[in-house]
Structures are given as structure tokens and as C-alpha cells.
Amino acid sequence: MQTRGSGTTRHRSARPVQILSALCLAAALALTGCTGAADGGSSSSDAKGGAPGANEAGAGAADSDAGSAKQEQAAAPPKLTAHIIHTASLTVQVKDVPKSLDEARTVVENAGGMVGNETTDRDSEGRERSRVVLRVPSDKYKEVLTELEGSGKLIDRRAKAEDVTEQVVDVESRIKSQRASVVRIRELMDQATKLSDVVTLEGELSTRQADLESLLAQQTSLKDRTSLATITLSLSETPVKKVAKDDDPGFADALGGGWDAFVTMFRWIALALGAVLPFLVGAVLLLFLWVRFLRGRTPARPVAAAPGGAGTGSLPVAPPVRAEGDDKD
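Treat the numbers as computed from the prediction; the structure is a model and nothing was measured.

Some remarks on the sheet that holds strand β5 (residues 228–236)
Sheets are built from strands that pair by backbone hydrogen bonding, the pairs being arranged parallel or antiparallel.
Reasoning step 1: A sheet is described by the order of its strands in space; here five strands give the open sequence β2-β3-β5-β1-β4, paired in mixed fashion. Of all strands in the sheet, those with a lone pairing partner are β2 (114–122) and β4 (153–163), marking the two edges. Geometrically, the sheet is characterised by an average inter-axis angle of 10° between neighbouring strands, direction not taken into account.
Reasoning step 2: Helix α3 (residues 141–149) rests against β1 (84–93), β3 (128–137), β4 and β5 of the sheet, and its axis sits at about 10° to β1.
Reasoning step 3: Here helix α5 (residues 195–227) sits on the sheet in contact with β1, β3, β4 and β5, set at roughly 55° to β5.

Shown next, in the form of C-alpha cells:
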């Protein structure tokens, strides 16, 4: 009986211990969960708090990149716009000159250009020929040129492109400097008190304004020539033959050149004679008048008699006049 009672007592005393240990384990687990939740919250808050800093750092880097790009752009030399003068000449054989000329006008006007000087005539056979100067915008130059070439049979085509970019930049720079100079002269005139200074400054201002106007005229001319291309179109109904030129001269060329030189020399000689002929005629006329009228009125000089008697037909000779000293002797 005693043995059973002691075992029961030990069993009862062990149960509270197990319950207490289970409660301690549950409390420890609860504390661990709270700590993990707190750590998770702090890490998420740190993540949230760190995002604005990262954004600010990214924005600063972007600003620095933009600033460096602007500095590089400012340091780099500006790109120059090309200014080119386009000129071309076309010779086209067509069947109907007036019709082709009207079509050319239409093409140029549709491109925003204008028609300049026009010359129309007829050859010995009554066929019409026309020569017209066309001005078209530079961006439409190639298109218009190609269309005009296709209006008939192309006989001759010449195109030229002249780059005047440096000249345009130089004129613009000189205009800026000249304008600043004119402004300075005017400021000095406002501050001048002496009449002599005012007169001197007015003369200098007139000179600089004249130079400025000359530069502005050059700028206008360059702008017109670069913005509008010039096409000289020649239309003809007569077949145009190209003459083949031989660079090496032959005997016939030398003979022809000599004959041309001879004819030229003879022509100059004839011109010289024609220029001198009036003076020669005048001199001959004066000589004739002198011989005819003036020579007959001139008194004759006395002629000395030859030695000999009177029978020879000579005039008597007067005796010599003696001096008084000779008589005394």
C-alpha cells in the first residue's frame, strides 16, 4: 500500500513540472515570433527609408551627367551650316519651244521658284529658240534640274556648286563687330562736349555706317545666291551639233592662225592710214596754196653779175666806193 502511494505521489508531482516546462517553451516561442516580427518590420522600414535615399542619389547622378553633357556641348565648337551656291545650264532640243517653255515655268512655280530673264528669237529657217533664267529653292534644285532634263533631248548639261560657308561666317562676324563699333561711336558722341570732337566723331560714324551697309549688302547677296539656285535653260527646235575639239593643232590650224594674224595686221594698218589721211590731205592742200599764191608775191633777190664786158648782156657793175683815206693817198 505504501509502495503504491509513493508512486502515485511521484507521478502527481511530475505533471506540474511538465506543464510548467511546456508553458515556458510556448512563451519562448512567442517571444521569438515577436522578435522576428519586430526585426522584419524594422528591415522593411529600413528598406522603405532607404529607397528615398537611393532615389536622391540617382537623381544627383543624373543631374551631374546632364551638367557634364552641357559642359561638353558648350566646349565643343558649334556646327556650321553649309552655304552652297548652285548654278547649272541646260541645252535641250524640243519639238515645240513655247509648250516646253510653259511647262518649265509651271515646274519652277510649283517648286516655289521664279522665272528671270527670258530671250526668244528665230533662226534662219524660222525655228524658235528661247533662253530663260530660272531661280529655284536650293532644296528643290536637284528635283527641278532632273525634271527639266527630261523635257526633251538633252544636248548639254553643266552644273557647278560653290561652297561659300567661310565667306558667310566672315561677313556675319564683321557685321557684328561693325554694329558694336557704330554703337560705341554714338555713345562717344553723346558724351562729347567739344565741337571739334563732335565733328570728328560724326565723320568716323559716317565711315563705319557706310562699311556696315556694304557688309549688309554682301550678306543679302550671299543669302539670295545660297537660298535660290540658278538654272539657265536653253530650248531649241534646231538640232544642235557638238563640235569635236582637237587639242593638238595641225597645219591647217597654223595656216588659219597665220591668215587671221595677217588680216588683223592689215586691218590695223588700214585703220592707222585712215586716221592719218585727213592730216595728209590738209598738209598737201596747204603746200599747194603756198606754191600757187604766196610764192609769186615774194620779191626776188638781186643776182650778182658775172665778170665780163657789156656785150655779154650782163648788167653794169657800179664802181666801188672809196673811203676818204684812200683819196688822200
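Some thoughts on the packing of aromatic side chains
Reasoning step 1: Taken as a whole, this structure holds one aromatic pair when the rule is applied.
Reasoning step 2: Judged by centre distance (5.8 Å) and plane angle (35°), the ring pair of W259 and F262 falls under tilted. With a gap of three residues between them, W259 and F262 both fall in helix α6 (residues 251–294), about one helical turn apart.
Reasoning step 3: Taking relative accessible area as the criterion, W259 reaches 55% and is therefore assigned exposed.

A short note on the pattern of salt bridges
Reasoning step 1: Throughout the structure, instances matching the rule amount to nine salt bridges.
Reasoning step 2: With its nearest N and O atoms 3.5 Å apart, the salt bridge here joins R129 to D121.
Reasoning step 3: Using a relative accessible area of 34% as the deciding quantity, one classes R129 as partly exposed.
Reasoning step 4: What makes D121 partly exposed here is its relative accessible area of 36%.
Reasoning step 5: Residue R174 is joined to D170 by a salt bridge in which the shortest nitrogen-to-oxygen separation is 3.8 Å. Taken together, the positions of R174 and D170, both in helix α4 (residues 165–191) and four residues apart, correspond to about one turn of that helix.
Reasoning step 6: For D170, a relative accessible area of 40% corresponds to the partly exposed category.
Reasoning step 7: Several salt bridges converge on common partners, so that one network encompasses D102, R105 and E118.

What to know about a nonpolar patch on the surface
Reasoning step 1: A surface patch of nonpolar side chains, about 940 Å² in accessible area, is lined by L285, L286, L287, F288, L289, W290, V291, F293 and L294.
Reasoning step 2: The class for F288 is exposed, based on a relative accessible area of 51%.

Rules of the game
- Residues numbered from 1 in each chain as written.
- Predicted model: local features only at pLDDT ≥ 70, side-chain atom pairs only at ≥ 80, totals over all residues.
- Heavy atoms only, no water.
- Pairing = 2+ DSSP bridges.
- Helix = DSSP H or I, 4+ residues; strand = E, 2+ residues; numbered from the N terminus.
- Axes fitted to C-alpha atoms, helices over the stretch in contact; angles between N-to-C directions.
- Contact = heavy atoms within 4.5 Å.
- Phe/Tyr/Trp six-rings, centres within 6.5 Å; stacked < 30°, edge-to-face > 60°.
- Buried < 20%, exposed > 50% of the residue type's maximum accessible area, 1.4 Å probe, protein only.
- Salt bridge = Lys/Arg side-chain N within 4 Å of Asp/Glu carboxyl O.
- Patch = residues over 30% accessible without salt bridge, like charges linked within 9 Å, V, L, I, M, F, W, Y side chains within 5 Å.
- Areas by Shrake-Rupley, 256 points an atom, 1.4 Å probe, with all protein chains shown as cover.

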